[in-house]
Amino acid sequence: MIVCSICQHDNLTGAMFCAECGASFADNHSLIEQLVDPEKNQSVSNKPSDDPFQKFSSGEPWGSLHLVDTGQIFPLSQRNEFTMGRISKGQSIRPDIDFSPYQGYDAGVSRMHAVIKRDGDRIILMDLGSSNGTYWNGMRLSPNVEQIIHHRDIVALGKMKIQIMVKN
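Below: a short report on this structure. (Residues numbered from 1 in each chain as written. Predicted model: local features only at pLDDT ≥ 70, side-chain atom pairs only at ≥ 80, totals over all residues. Heavy atoms only, no water.)

Moving on: unusual backbone geometry. Comment: phi is negative for the bulk of residues other than glycine, and the bulk of peptide bonds are trans. For Asn137, which is not a glycine, the phi torsion comes out positive at approximately 50°. Relative to the assigned elements, Asn137 resides in the loop between strand E12 (134-136) and strand E13 (139-140). Here Asn137 falls in the partly exposed class, since its relative accessible area comes to 43%. At Asn144, a residue that is not glycine, the phi angle is positive and equals roughly 60°. Checked against the element boundaries, Asn144 lands in the loop between E13 and strand E14 (147-149). (Helix = DSSP H or I, 4+ residues; strand = E, 2+ residues; numbered from the N terminus. Buried < 20%, exposed > 50% of the residue type's maximum accessible area, 1.4 Å probe, protein only.)

Rendered as structure tokens:
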């Protein structure tokens, strides 16, 4: 069994994504293997606490991005600023968070769409001149103008909706 480190859901061995929250098991930081004690034939779990912002080896997340349609979760840790967009062939500059595996192109996500950053207690979102716009709680943002956002706000990159989760 694979136990999701985000929601603690038990998933079938070999699963690529959590069936409950959609978290990717592509890297070893997103999953916890459940061990079995062969003598007792019982599961021995090393599940973390229920805190969705638990520590990962890359640092403690200060927030996360939750894709509304798929449930995919992108922890924000180690750095205070992340570019968001999608990768395409021949592109030399790449976003920190790539939405191309999640139908980013079809949703209208630009290659370098927006930036999210933490500045002290403030979380800031800024559109980078994207083709299909960045929306904050339904309001289109002007390009290159910073907007303060809050825990549980909904951001849309084109048609891709993302809920912002911030650890206080």
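Resuming the write-up.
Take the pairing of strand E6 (residues 63-67) next. With 4 of 5 residues buried, E6 lies mostly within the body of the structure. As paired elements, E6 and strand E7 (residues 73-76) share 4 bridges and run antiparallel to each other. Following the sheet pairing, Ser64 is matched in E7 by Pro75. Hairpin connection of E6 to E7: 5 residues between the antiparallel strands, including Gly71 at a positive phi of 85°. Two strands pair when backbone bridges link them, and E6 and strand E16 (residues 160-166) are joined in this way by 5 bridges, in the antiparallel orientation. By the bridge assignment for E16, Leu65 is matched with Ile164. (Pairing = 2+ DSSP bridges.)

So, about the sheet that holds strand E9 (residues 97-98). Hydrogen bonds between backbone atoms are what pair the strands of a sheet, whose relative direction is either parallel or antiparallel. Spatially, E9-E8-E10-E11-E14 is the arrangement adopted by the 5 strands of the open sheet, whose pairing is mixed. Two strands in the sheet have a free side with no partner beyond their single neighbour: E9 and E14. Two strands pair when backbone bridges link them, and strand E11 (residues 122-127) and E14 are joined in this way by 3 bridges, in the antiparallel orientation. In the strand pairing of E14, Ile123 is matched with Ile149.

Turning next to the packing of aromatic side chains. In total, this model carries 3 aromatic pairs according to the counting rule given. Arranged with centres 6.4 Å apart and planes meeting at 35°, the rings of Trp62 and Phe82 form a pair that is tilted. With Trp62 in the loop between strand E5 (42-44) and E6 and Phe82 in strand E8 (residues 81-85), this pair connects stretches of sequence that are 20 residues apart. Judged by centre distance (5.3 Å) and plane angle (85°), the rings of Phe74 and Phe99 are edge-to-face. Residue Phe74 is found in strand E7, and its partner Phe99 is found in the loop between E9 and helix H1 (104-107); the two are separated by 25 residues along the sequence. (Phe/Tyr/Trp six-rings, centres within 6.5 Å; stacked < 30°, edge-to-face > 60°.)

We now examine the pattern of salt bridges. Applying the stated rule across the entire model yields 3 salt bridges. We note a salt bridge from Arg79 to Asp96, for which the minimum N-O separation is 2.6 Å. Remark: Asp96 occurs in the loop between E8 and E9 and Arg79 occurs in the loop between E7 and E8; sequence separation between them is 17 residues. Given the relative accessible area of 37%, Arg79 is considered partly exposed. Asp119 is the salt-bridge partner of Arg122, the closest N and O atoms lying 2.9 Å from each other. (Salt bridge = Lys/Arg side-chain N within 4 Å of Asp/Glu carboxyl O.)

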